[in-house]
Amino acid sequence: MDLESATKIQGKWVTQIIHFTGGEKRTIEGVDTQSIKQGQFTKFSLRDGSYVMINDTNVIMIEVFGEKK
């Protein structure tokens, strides 16, 4: 089921800065916005072919930046 992630507004490829509880944050480049799926975990593919799964309960906020081609 595609919930039409709002990140698609930024284009097909984005960089995300994910802020976790406890003050940790991670920058993830090359996120394919077409691949984002949400459930207990948010899952998405990266430009290099790797796959990321994030436990939503540990996330405070996500910053999204469009990438140039």
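Bear in mind the structure is a predicted one, so any value in this text is a computation, not a measurement.

Chemist: Hey, could you run me through the side chain of His19 in this one?
Modeler: Topologically, His19 is positioned in strand E1 (residues 13-20). Note on His19: relative accessible area 17%, which makes it buried. Engagement of the side chain of His19 in a polar contact is seen with the side chain of Glu63, the distance being 2.6 Å. Setting aside chain neighbours within four positions, we find His19 in contact with Glu24, Lys25, Asn58, Val59, Ile60, Met61 and Glu63.

Chemist: Teacher, can you tell me more about the environment of Lys43 here?
Modeler: Relative to the elements of secondary structure, Lys43 occurs in strand E4 (residues 41-45). The spatial distance from the C-alpha of Lys43 to the C-alpha of Gly66 is 18 Å, given a sequence separation of 23 residues. Among the polar contacts listed, one links the side chain of Lys43 to the backbone oxygen of Phe41, at a separation of 3.2 Å.

Each value, and the rule that gives it
Residues numbered from 1 in each chain as written. Predicted model: local features only at pLDDT ≥ 70, side-chain atom pairs only at ≥ 80, totals over all residues. Heavy atoms only, no water. Helix = DSSP H or I, 4+ residues; strand = E, 2+ residues; numbered from the N terminus. Buried < 20%, exposed > 50% of the residue type's maximum accessible area, 1.4 Å probe, protein only. Polar contact = N/O pair within 3.5 Å; in protein donor to acceptor, adjacent residues only side chain to side chain. Contact = heavy atoms within 4.5 Å.

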